[in-house]
Amino acid sequence: MTNTYRDSGRAGLVDERQFVDILEERRHSSDLGHALRTFNPHPYQGAAPCSAAELNKAVLEAQYLRYVTKEIAMETGSSVEEVRKEACGILEEMSQNLQLGFIRLMGYTLTKVFKRLFTSIFVNMEGLNMLQQAIQETPVILMPNHRSYVDFLIISYILFTYDIPVPVIAAGIPLAGMKMVGEILRRSGAFFIRRAIGSDKLYWAVLSEYVKAIVRKGYAPMEFYVEGLRSRTLKSLTPKLGMMHMVLEPYFKGEVFDITLVPISISYDRVLEESLLAHELLGVPKPKESTMGLLKASKVLQEDYGTMHVNFGRPLSVRQLCHGKINRCQYNLIPRDLPQKPTAEAQACVSWLAHLMVRIQEEGSLISPWSLMACLLLQAPITVLTEEGLLWQQLTEKTLWLRKLALDYGARLNWSGQAPDSDVMSSAVALHCSIVHRKAGRVYLVQEEELARKRPISLEEGVTRTAAAVLMLASYRNQLLHVFVRPALLATAIHITKSTQRNELFTFFCFLQDLFSYEFIFIPDKLSQDFEEACLLLKKCGAVHISQQEVTLSDMGLEALSFLQALLQPFIDSYQVMFRYLSEEGVNVFTEKQFLPAVRNLATKLILSGELHTYEALSSDTQKNVLSALRRLEAVTKLRASEQNEYKVNKAAVRRTGDILSGKIPPQMLQTTPDARL
Amino acid sequence: MLYISTKYQIIRKDFPFYLGKTAHGGLWVQIKNLPGHLPKESPSHVFLQEIMKWNGWGYSDSRFLFNKKGQAEFTGKRYIIIGMIIPGLKDWFECTFGASLQHKTPATPLLNSSAVQPPTLNEAFVEELKSTGIPFSQDAEDRVFRAHGHCLHEIFALREGKFGRVPDMVVWPNCHNDVVKIVELASKHNVCLIPYGGGTSVSSALECPPEETRSIVSLDTSQMNRILWVDEKNLTAHVEAGIVGQDLERLLNESGYCTGHEPDSMEFSSLGGWVATRASGMKKNIYGNIEDLVVHIKMVTPQGVIEKSCQGPRMSTGPDIHHFIMGSEGTLGVVTEVTMKIRPMPEYQKYGSVVFPNFEQGVACLREVARQRCAPASIRLMDNEQFKFGHALKPQVSSIFTSFLDGLKKFYITKFKGFDPNRLCVATLLFEGDREKVLQHEKQVYDIAAKFGGLAAGEDNGQRGYMLTFVIAYLRDLGMDYYVIGESFETSVPWDRVLDICRNVKARIVRECKERGVQFPPLSTCRVTQTYDAGACVYFYFAFNYRGLSDPVHVYEQVEHAAREEILANGGSLSHHHGVGKLRKEWMRETVSNVGMGMLKSVKDYVDPNNIFGNRNLL
């Protein structure tokens, strides 16, 4: 399986020749000319052209929707006609209305915006060529990661430029609410999905029929974010399965011969929303999407955001990927239009595929020199960053060391050998002047000045202030976590258990994967492969010797080992804080709304008292992940009856999890964990 | 009135091919009296064998060839197209397969008897058989002839002069009682019997199991070919099971009747074979499939003779024992006599055809026809590739006027009506019955077709469509002379799956060929050949140019295997009428469930505990 999706040579410095700067041409020729270019794409073979209105009509007339309509009418006692009207309304709110004219308008506007924001936008031509081919043969699903609002239309923009059919895009409903912009997006191919659909049966039915109709017809390539939403932490998110299932179902049910998935990795040197995101994680609410907000945000347009890379992955055949994972005969005995709960087999297959796609996105993303530096900055004591300053010399040396390690581990680095290394690092720091500044051979963390203006700030406010900068740093570190996470888990296992027994380390490795399953992306059922990979990579950097039974430390690789272990330390510390809160201080039953500020207060207190060394415990993302992980481990349960999403905590179980994590319970004792996999 | 058997007793000889069409059916295949092919004096059983190919389809004298000018023509004196030039075939052949007339792969011309394994004989059995007076043979040619059906791998091996396990001897029972004696002797001496009818199997059903160590005896039913009586009051005929389709129809026609059962293989396949495989006929919409036509069956098994006590048209007497017999594929016994329904010959017959802008519209039309239950005797929908294939088989037109007319029609359809020549497809129709009703029926069907964008396209096109059926097997032999191998296979599928299965299976074939190193895209085409209330029968044709492949038959088998998996994954059945044989055995369990397998197995265990009928089909 490993060879079916991985690029043969995924490691190393990225070959610059493969990437073309699409802004280059825009800077030399007319923007209007580009927007008005002849657009003559080759669509999917069998697809007859179909207007948005025809698509909607087909959806409303679909047998599946008729079944559901009737069912709901029966359940609610309303008439079929009423339910049908409601379905019409949902569809109207949802549907896209792709029009070439608006693509042109979008093209024109984006050219202007992109030229101002970015020095260059690199796109890999090889990937585009393969995509062009694939689009003619099967329905295509474009699956980019989502790190910034800026990338919402970037794919459409690129495809328009290269004469490939522009996609319809699944978007969150808040975007539709923006005056004018919502309508422009709709006409540029966006369709809008409500958040938290929950158990609204009719909504699910309309949405899934809509999605499936697009795939079946090969109406246009479909673009959606398998992570569900924009990652606030720049880290990959656990994939959402609903949409993925809808997209795959036409293949499962034989309605199309094959579907092509194209993972796309978008990476930024610098993300526009960096500061906004950090504050959001600290509990400052995200501003509502509004057109006014967008206009106000135009001041961010004044700054430089470096380069953006759009890496189109190799098109993947669903048919090939799912071979042996799905028995399509399971749909033989019930009409395919009938609403049916997906089988466990189908769910597992969808989940596996979704995780796989995220992993491929990760592997395809480009890591900037700044990410390496951010990683190292975070490992320096906080007082060094805020007060003494980190020696530039020390940082650069270490960065070059890390660069080598990352390359050994197969990362794609955006670090061409052309410019001198010192220049590369200097310009990275210069680009990120909002986070760090360099003075007299030392590097300091930038503290927000706005807050420091008049009155003296409180200690707690000071913590938040530093935390914002730390979380920004952390987000850039997060961009490369996937490169190191597997060996880092093993390094952590070695560090905590002090064991050399391979099976014990494996047990603990599994425990960590389970615990951090919302933090990092692991493909289900690949535990032992992940462990093998981790062993191999640790061996590669000389950190361990590996035999049949044992994993023993070597003196050669202590630097790498301690780096890897330090990489995960903030997560472990943060998790422990929350375990402590839940098992000692908190109440038995709580809501998420109560939980977040309470742990934030505890963490702040611990930071001030010097007990806690990481500011990442303040991130609401980490806090939510802990909650999800504990629910998965069944140490926390959601109360079904509760209206306000209340949780009930099993304090003993939480305490035990904390004890395992701190090494108090040796790995031999782990057999009794609720997770059967261990 | 009851005819007695003697009137119909015939000696097997060469019956010129005949399709029981009425006077005005402008036949592609013509009734021809063959001079100089009289029955020889010596044992009658060799006649059929003498006039048929030993390593290809059909009559020895009938074959396609490319003449010196590179034009295709058909030899022999049996079919109407003899001597006609088929100008389009060469181009179609070369373009479709990337084949070239320069690259030939001729078959081994003569059967080399010394390459055939010497027979393993059960002396005691042979001795006792001799005393019964039933003719038998241990001649290599006779044995090879009955060692195969018409699967690609079987014919391919024969063309290369390769023989696997073949039967050790052949017996020719003359009547039911002869069969009883043979089966008794076989049971007594533990000899393996393989019933042989027309030899047109395409499921490896006739292949001798290589692991069989006992003496294998091929039981050839061809001498049991009499119509024993015709009951005009009840409209039934009692017929010996070895009779071949065309003879049965011709003989019944002489007294104004027909069975109406016309499988594509009816020139050669036998009544017993139909029963043993659950055959289906082209005109089943009027006459029904074999299970609808059969009133009474007599079968000889190792446990004795099985038959019902009366001829009631329907019975509620537990599970119908006929359904253990039909589809048993020679694993339980030999069908010796069958009572079948007969019908007065239809007064009027008319072909027709409809062109649709695309296959989707065509399928929608067939579905509607089935919904209204107004399907004509036959209705078939060919996809675009097959339409082009049929077009390539058009004989040279005689006059400039006809070719002008053809041009005009083409112009009308493609330019005036805007049909895309690379998407359009055609349905062929055959109506049968009273003249008035036929015309009325025809109008009804054409009206439905019009709703789906269908345009009536004339009788000629319809007729040519049906002709394709009869020549396709001869064409395969032509292809095999030039590096092209191919096969057809079928399935049945619910209506809502028809389009999906057609698309997916065709695409799967193309993809598999590509992945297995086939240099040129294969011919991958389908047609919907039968309609039912709840679904349809779909036929796939698949052929490719195997130049550059070291083991073409293996590649072929892998692709066919993949195509079958695709059919099953798309809700299609394992087989609509070809049967399972040994070729599709591996999927039987998932097809009928564990319990189903157990049921069938326990029947086999009771009826034939010593596996005398050891062809190992089905289970």
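Residues numbered from 1 in each chain as written. Chains lettered and ligands numbered in written order. Predicted model: local features only at pLDDT ≥ 70, side-chain atom pairs only at ≥ 80, totals over all residues. Heavy atoms only, no water.

1. As for the state of the cysteines
Just so we agree on the cut-off: Note on terminology: pairs of cysteine sulfur atoms within 2.5 Å are recorded as disulfides.
As enumerated under the stated definition, the model contains zero disulfides over all chains in all. Lacking any disulfide linkage, Cys-535 of chain A is separated from the closest cysteine sulfur, that of Cys-510 of chain A, by 11 Å.

2. Structural notes on the interface of chain A and chain B
Think of interface size as the accessible area that goes away when the parts come together; that is how it is often given. Applied cut-off: We call two residues in contact whenever any of their non-hydrogen atoms come within 4.5 Å of each other. Values labelled buried area give the accessible surface lost by two parts on being combined, using a 1.4 Å probe and summing over both. Salt bridges are counted wherever a side-chain nitrogen of Lys or Arg sits within 4 Å of a carboxyl oxygen of Asp or Glu. Polar contact is defined as a pair of N or O atoms within 3.5 Å, subject to the rule that within protein one atom must be able to donate a hydrogen and the other to accept it, and that residues adjacent in sequence are counted only when both atoms are side-chain atoms. Under the scheme applied here, ten amino acids are nonpolar (Ala, Val, Leu, Ile, Met, Phe, Trp, Tyr, Cys and Pro), four are charged (Asp, Glu, Lys and Arg), and all others, including Gly, are polar.
Contacts between the two partners involve 14 residues from chain A and, on the opposite side, 14 residues from chain B. Buried area between chain A and chain B, summed over both chains or domains, comes out near 1,300 Å², and the portion from carbon and sulfur atoms is 35%. It is Phe-257, Arg-328 and Arg-336 of chain A in chain A that bury the most area against chain B; as a group they hold 45% of the surface buried on that side. One can count five salt bridges joining chain A with chain B. Taken together, chain A and chain B are joined by 13 residue pairs in polar contact (both at pLDDT 80 or more). Classifying every residue of the side of chain A that touches chain B gives four nonpolar, four polar and six charged.

3. A look at the domain arrangement of chain B
Residue and element names in this part refer to chain B. The line we're drawing: Domain boundaries shown here were taken from an automatic or database domain assignment.
Parsing chain B into structural domains produces domain 1 (48-217), domain 2 (227-344) and domain 3 (348-470). A C-alpha centroid distance of 32 Å is found between domain 2 and domain 3. Tallying the contact residues gives nine residues for domain 2 and twelve residues for domain 3. A per-residue breakdown of the area domain 2 buries against domain 3 is headed by Asp-264, Met-282 and Asn-285, which together make up 58% of the total. At the boundary of domain 2 with domain 3, the tally comes to two salt bridges. The salt bridge involving Arg-380 is made with Asp-264; its shortest N-O contact spans 3.2 Å. Inspection of the region where domain 2 meets domain 3 yields four residue pairs in polar contact (both at pLDDT 80 or more). Considering only residue class, the side of domain 2 that touches domain 3 consists of four nonpolar, one polar and four charged.

4. Focus: the UniProt feature "domain: FAD-binding PCMH-type" (unreviewed entry) in chain B
Note the cut-off: UniProt positions are given in the numbering used here, feature names are shortened, and annotations may be inferred rather than shown by experiment. Helix numbers and strand numbers start at the N terminus; a helix is a DSSP run of H or I with at least 4 residues, a strand a run of E with at least 2.
When the UniProt feature table is mapped to this numbering, "domain: FAD-binding PCMH-type" (unreviewed entry) covers residues 163-345 of chain B. As a span, residues 163-345 of chain B carries 23% helix and 25% strand, and end to end its C-alpha atoms are 44 Å apart.

5. Describing the domain arrangement of chain A
Residues and elements named next belong to chain A. Looking at chain A, the domain boundaries give domain 1 (48-364), domain 2 (369-479) and domain 3 (483-669). The distance between the C-alpha centroids of domain 1 and domain 3 comes to 32 Å. Between domain 1 and domain 3, the residue contacts involve 17 residues of the former and 16 residues of the latter. Approximately 1,200 Å² of surface area, both sides summed, lies buried where domain 1 meets domain 3, with 59% of it carried by carbon and sulfur atoms. By the criterion of area lost to domain 3, the three top residues of domain 1 are Lys-235, Leu-281 and Arg-359, representing 40% of everything that side buries. Across the contact surface, domain 1 and domain 3 share one salt bridge. For the salt bridge of Lys-235 with Glu-519, the shortest nitrogen-to-oxygen distance reads 2.5 Å. For the pair domain 1 and domain 3, the number of links is two residue pairs in polar contact (both at pLDDT 80 or more). For the side of domain 1 that touches domain 3, the secondary-structure elements that each account for two or more residues are helix H14 (274-281) and helix H17 (344-364). Among the residues making up the side of domain 1 that touches domain 3, the classes are represented as seven nonpolar, six polar and four charged.

6. Quick look at the pairing of strand S4 (residues 140-144) of chain A
Residue and element names in this part refer to chain A. Put simply, the test is: Type-normalised accessible area, obtained with a 1.4 Å probe on protein chains alone, sets the label of each residue: buried when under 20%, exposed when over 50%, and partly exposed for intermediate values. Pairs of strands are assigned from DSSP output, requiring at least two bridges between the strands.
Buried residues dominate S4, accounting for five of its five residues. Every second residue of S4 is oriented toward a common face, with Val-140, Leu-142 and Pro-144 on one face and Ile-141 and Met-143 on the other, all of them buried. Bridge count for S4 against strand S8 (residues 260-268) is five bridges, and the pairing is parallel. Counted as the bridge partner of Pro-144 is Ile-264 from S8. Of the strand pairs in this sheet, S4 and strand S7 (residues 222-223) are connected by two bridges, and their pairing is parallel. Counterpart to Ile-141 in the pairing with S7 is Met-222.

7. Observations concerning the environment of Ala-653 of chain A
All names here are of chain A. Residue placement: Ala-653 occurs in helix H28 (residues 651-662). Judged by its relative accessible area of 22%, Ala-653 is partly exposed. Along the sequence, Ala-653 and Val-577 sit 76 residues apart, while their C-alpha atoms lie 15 Å from each other.

8. Describing a nonpolar patch on the surface
What counts, and what does not: Patches here are clusters of residues that have more than 30% relative accessible area and form no salt bridge, with a 9 Å joining cutoff for like charges and a 5 Å cutoff for nonpolar side chains (Val, Leu, Ile, Met, Phe, Trp, Tyr). Here the accessible surface of atoms and residues is derived via Shrake-Rupley with a 1.4 Å probe, and residues count as covered only by protein chains that are part of the display.
A surface patch of nonpolar side chains, amounting to about 290 Å² of accessible area, comprises Leu-32, Leu-36 and Tyr-108 of chain A. Within the fold, Leu-32 of chain A resides in helix H3 (residues 31-35).

9. Here's the deal with the pairing of strand S3 (residues 120-124) of chain A
All names here are of chain A. Across the five residues that make up S3, a large majority, five, are buried. Alternating residues of S3 divide into Ser-120, Phe-122 and Asn-124 and Ile-121 and Val-123, and every residue in both groups is buried. With four bridges joining them, S3 and strand S9 (residues 307-312) adopt parallel strand pairing. In the strand pairing of S9, Ile-121 is matched with Met-308.

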